[in-house]
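# A look at the structure
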Amino acid sequence: MAEKDNGERELIIEEYKSLRQEQLNKMDKQYQITGVGIGAIATLLATAYEKLIYPLFLILPLVILGFIALYEAESRAIISAAEYIKELETEIIREHPKLGWERWLKNKGRSKIYNLIDHSSRFIFLLLYIGCILGIIAFPEQEGKFMFLSGDLFRNILVVFYTLIGLAIFLFYTSKQSKKRSY
């Protein structure tokens, strides 16, 4: 019987280690997505403004939404692992209620730094997104074979569409993550 308990305990410890490592890997990916995303988008946006490359303003919002989706997928995976780890800690480490990383974070209010990083990253992506929308508005009308792309009607429809979609996605992810992080 003791052998079975010991084997079960070892399995739980290995699972715990594996989940913690997965969280760390996901955090690394999240930081890479943020760094590469913000750096690349800011560079492309600056180039679009400097060189007056109107098509970049049209596609960059979609690229930003793609980076936000990647970021949020990693964030959800981190939170899911954290929830499971906390459950493991609560169920298994009953005799030592002060042990356990996730419980400690929650009890000490230390998870607030993760919330701050999360919201800051999302806010920077939102600012870049707004920069793209302003670029669509500010770009001068041009003559040429793709004149409809720079016409007032097309630009206004695109601005309204991107504004609604961007705000909806931003608010959706922000509210969803805030609820998940309050576990």
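Residues numbered from 1 in each chain as written. Predicted model: local features only at pLDDT ≥ 70, side-chain atom pairs only at ≥ 80, totals over all residues. Heavy atoms only, no water.

If you walk through the whole model with that rule in mind, you get three cavities of 30 Å³ or more. Taken as a whole, the second largest cavity spans an internal volume of roughly 40 Å³. Residue lining of the second largest cavity: Ile64, Leu65, Ile68, Phe125, Leu126, Tyr129, Gly166 and Phe170, and that is the complete set. Of all the secondary-structure elements, those providing two or more residues to the lining of the second largest cavity are helix H2 (54-92), helix H4 (112-138) and helix H6 (152-181). Here the residues of the lining of the second largest cavity sort into seven nonpolar, one polar and no charged. (1 Å grid on protein atoms, 1.4 Å probe; cavity = no way out; pocket = protein on both sides within 12 Å on 5 of 7 lines; lining within 4 Å. Points joined across faces, edges and corners; volume = space filled by probe spheres on them. Helix = DSSP H or I, 4+ residues; strand = E, 2+ residues; numbered from the N terminus. Nonpolar A, V, L, I, M, F, W, Y, C, P; charged D, E, K, R; others polar.)

The next subject is the packing of aromatic side chains. Applying the stated criterion to the full structure yields five aromatic pairs. Taking 6.4 Å as the distance between ring centres and 15 degrees as the angle between the ring planes, the aromatic pair formed by Phe67 and Phe125 counts as stacked. Placement of Phe67 in helix H2 and of Phe125 in helix H4 is noted, with a sequence separation of 58 residues between them. Measuring from centroid to centroid gives 5.9 Å for Phe161 and Tyr162, while their planes differ by 40 degrees, and the two rings are tilted. Members of the aromatic cluster, joined through ring pairs, are Tyr129, Phe161 and Tyr162. (Phe/Tyr/Trp six-rings, centres within 6.5 Å; stacked < 30°, edge-to-face > 60°.)

Further remarks concern the nonpolar core. One finds Phe57, Ile64, Phe125 and Ile136 to be the most contacted residues of the largest nonpolar core, which totals 26 residues. When residues of this core are traced back to their parent elements, those giving at least two are helix H1 (2-51), H2, H4 and H6. Residue contributions to this core peak at ten residues, all from H2. Look past the residues within four positions of Ile64 in its chain and what remains in contact with it is Ile41, Phe125, Leu128, Tyr129 and Cys132. By size, the runner-up hydrophobic cluster in this structure holds five residues, among which are Ile12, Leu19, Ile85 and Leu88. (Core = buried A, V, L, I, M, F, W, Y, C linked by side-chain atoms within 4.5 Å. Buried < 20%, exposed > 50% of the residue type's maximum accessible area, 1.4 Å probe, protein only. Contact = heavy atoms within 4.5 Å.)

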